[in-house]
Each structure stands twice: as C-alpha cells, then as structure tokens.
Amino acid sequence: DGGITQSPKYLFRKEGQNVTLSCEQNLNHDAMYWYRQDPGQGLRLIYYSQIVNDFQKGDIAEGYSVSREKKESFPLTVTSAQKNPTAFYLCASRNRLTPASTDTQYFGPGTRLTVL
Amino acid sequence: AQSVTQPDIHITVSEGASLELRCNYSYGATPYLFWYVQSPGQGLQLLLKYFSGDTLVQGIKGFEAEFKRSQSSFNLRKPSVHWSDAAEYFCAVGMNTGFQKLVFGTGTRLLVSP
C-alpha cells in the first residue's frame, strides 16, 4: 500500500524534553510538509522540504527543527523551546514534479503530542 | 494576506437532507481551492479541488463544490447526507509559490442527526 505513515500515534512529553515525530512516505514524492493543528485554528505550516537535504521554515517554525536525509523520511523534532507544543501534528507530501498549481498534498494520519 | 473563512463552526443536518458548507477566500491572484475532510483523530482526505475550467467541481463521496469568483466563494454541497459524513471539513486556498503553500480555514464540524 502506498501512503504516508506517522508514528507514534500518541506521544507524551515532559516539559523541557525534546521529542521527534516520524513521517515516512512510499509515494516517491519529493515535497514533504509538517503542519500543526489546534482546535478552532485549522492547520498551520511548520516546515516544508522540496528535495533531499533542503528544507524551509513555514509560518510557525520557532521551537521546531527538521531534517531531510532521505526522500522517504521527514522527521520533526519538537524542542524545549516550543512554548506550547501540545497539538495534533500532520505530515503531508506532494509530487513536486507536478506543477504546484495543479497538484495535491496527501496527508498522514497524524501524531497527537501532549506535554505533561 | 491570503485567508480563508469558514463562517460556520458547527452545522447539524438531518440524515438524508441536503448540505452546504460555506467557504470564502481572500487571494489576489487566481486561487486554487481545495476541500478536505477529517474524521476524529485522523489525517485529512481530499474531497475535491478546483484549479481552472468548469466552476462546478465533482468530488468523492457524492460531494460537489462551486467556484464563484464574483463572491470569492467555494461552497461545498451534497444533496443527501449520510451518517458517515459526520466529520470536520476544511477549505483551503493554494498559492502557486513553487512549493504550493496551502492556507486553511478553521474548519466546520458537521453533525448528522438521525
């Protein structure tokens, strides 16, 4: 089955700890994205990557970091600098070779992070 | 700045009744518009998208949406709602910035009553 997997589904973190959320895709997509979802606020872009070894900040990158060492993987680290990390995190991917104006982002099932 | 407004936070519809979810956008250029659906605790699934051409777009699960440039709207419709349609619905506008930035509305939660 082709798709996007995110793990874990639920993650609990103590204040002051860094945690890493996994995102893997086997769609052969070049572009990958991380979004944060809070109740009543829709989705907001954290980071995106268009190719391996390259990534860019989105609208709310402070307190987060990413890496893109492999095409299939785009892990997100929530650092202790993120003041309010409790949220639902969604990963998405897109075929970059298709014009951005005509293609679709496909989403993973999400990871719910709770800070204790 | 680009924005998307979904004015209804919650909507309750009786099973079998028709549905319309509202979406208004603000974007200076030609918009690329999407509707996604999200079941509780799940990711987003694409229902339909508009890029150009026919302003009435058909999607999956019997949904359709109509792009009205004069009203800056992209309302989602379904003629007969099923209980399984209960979910949260997000409208998004895509900008052709090269990496396809999506700006999402805050969502409308659909409740279906028996």
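Residues numbered from 1 in each chain as written. Chains lettered and ligands numbered in written order. Predicted model: local features only at pLDDT ≥ 70, side-chain atom pairs only at ≥ 80, totals over all residues. Heavy atoms only, no water.

## A short note on the overall build of chain A
Next, step 1: Helices and strands together make up the secondary structure of chain A, namely 0 helices and 11 strands.
Next, step 2: Dimensions along the principal axes, computed over C-alpha positions, put chain A at roughly 40 × 30 × 30 Å.
Next, step 3: Buried residues in chain A amount to 49% of all 116 residues.
Next, step 4: Nonlocal contacts in chain A, meaning residues at least 24 apart in sequence, comprise 55% of its contacts between residues at least 6 apart.
Next, step 5: Here chain A displays about 5500 Å² of accessible surface, and carbon together with sulfur accounts for 47% of that area.
Next, step 6: The positive charge centre, built from 13 side chains, and the negative charge centre, built from 11, are 5 Å apart in chain A. (Helix = DSSP H or I, 4+ residues; strand = E, 2+ residues; numbered from the N terminus. Buried < 20%, exposed > 50% of the residue type's maximum accessible area, 1.4 Å probe, protein only. Contact = heavy atoms within 4.5 Å. Areas by Shrake-Rupley, 256 points an atom, 1.4 Å probe, with all protein chains shown as cover. Lys, Arg positive; Asp, Glu negative; His and termini not counted. Charge placed at Lys NZ, Arg CZ, Asp CG, Glu CD.)

## Notes on the sheet that holds strand β8 (residues 76-78) of chain A
Residues and elements named next belong to chain A.
Next, step 1: Taken in spatial order, the 4 strands of this open sheet run β1-β3-β8-β7, and their pairing is antiparallel. What marks the edges here is a single partner per strand, and that holds for β1 (4-7) and β7 (64-66). Pairs of neighbouring strands in the sheet enclose a mean axial angle of 20 degrees, with direction left out of account. (Pairing = 2+ DSSP bridges. Axes fitted to C-alpha atoms, helices over the stretch in contact; angles between N-to-C directions.)

## Re the interface of chain B and chain A
Next, step 1: Counting from both sides, the interface comprises 21 residues of chain B and, opposite them, 24 residues of chain A.
Next, step 2: Joining chain B to chain A, the criterion identifies 1 salt bridge.
Next, step 3: The salt bridge involving Asp59(A) is made with Lys101(B); its shortest N-O contact spans 2.9 Å.
Next, step 4: Where chain B packs against chain A, one counts 6 residue pairs in polar contact (both at pLDDT 80 or more).
Next, step 5: Elements with a minimum of two residues in the side of chain B that touches chain A: β5 (32-38), β6 (44-50) and β11 (101-104) of chain B.
Next, step 6: Counting residues per element, the side of chain B that touches chain A draws most heavily on β5(B), at 4 residues. (Salt bridge = Lys/Arg side-chain N within 4 Å of Asp/Glu carboxyl O. Polar contact = N/O pair within 3.5 Å; in protein donor to acceptor, adjacent residues only side chain to side chain.)

## Some words on the packing of aromatic side chains
Next, step 1: As enumerated under the stated definition, the model contains 15 aromatic pairs over all chains in all.
Next, step 2: Members of the aromatic cluster, connected to one another through ring pairs, are Tyr33(A), Tyr35(A), Phe107(A), Tyr32(B), Phe34(B), Tyr36(B), Phe51(B) and Phe104(B).
Next, step 3: For the cation-ring pair, Arg68(A) lies above Phe74(A), with the distance from its terminal atom to the ring centre recorded as 5.9 Å. (Phe/Tyr/Trp six-rings, centres within 6.5 Å; stacked < 30°, edge-to-face > 60°. Lys NZ or Arg CZ within 6 Å of the ring centre and 35° of its normal.)

## Some points on the environment of Asn53(A)
Next, step 1: When you line up the elements, Asn53(A) lands in the loop between β5 (43-51) and β6 (54-57).
Next, step 2: Setting aside anything within four residues of it in sequence, one finds Asn53(A) in contact with Arg68(A) and Glu69(A).

## Examining the side chain of Ser73(A)
Next, step 1: In this fold, Ser73(A) is placed in the loop between β7 and β8.
Next, step 2: Residue contacts for Ser73(A): discarding those within four places in its chain leaves Cys23(A), Glu24(A), Met32(A), Ser67(A) and Arg68(A).

## Re the confidence of the model for chain B
Next, step 1: On average, residues of chain B carry a pLDDT of 92, and 96% of them reach 70 or more.
Next, step 2: Across chain B, strand β3 (residues 19-21) of chain B holds the top mean pLDDT of 98, while β11(B) sits lowest at 89. (pLDDT = per-residue confidence, 0-100.)

## A word on the state of the cysteines
Next, step 1: This model, assessed by the stated rule, comprises 2 disulfides over all chains.
Next, step 2: Two residues, Cys23(A) and Cys91(A), share a disulfide whose sulfurs are 1.9 Å apart. The sign of the -70 degrees torsion about the S-S bond sets the Cys23(A)-Cys91(A) disulfide as left-handed. Taken together, the residues Cys23(A) in strand β3 (residues 19-25) and Cys91(A) in strand β9 (residues 87-94) connect sequence positions 68 residues apart.
Next, step 3: Residue Cys23(A) is classed as buried on the basis of its relative accessible area of 0%.
Next, step 4: Here Cys23(B) engages in a disulfide with Cys91(B); their sulfurs sit 2.0 Å apart. Judged by the torsion about the S-S bond (-65 degrees), the Cys23(B)/Cys91(B) disulfide is left-handed. (Disulfide = S-S within 2.5 Å.)

## Remarks on a nonpolar patch on the surface
Next, step 1: Taken together, the side chains of Tyr10(A), Phe12(A) and Leu116(A) make up a nonpolar region of the molecular surface, amounting to roughly 390 Å² of accessible area.
Next, step 2: For Tyr10(A), the location among the structural elements is in strand β2 (residues 10-13). (Patch = residues over 30% accessible without salt bridge, like charges linked within 9 Å, V, L, I, M, F, W, Y side chains within 5 Å.)

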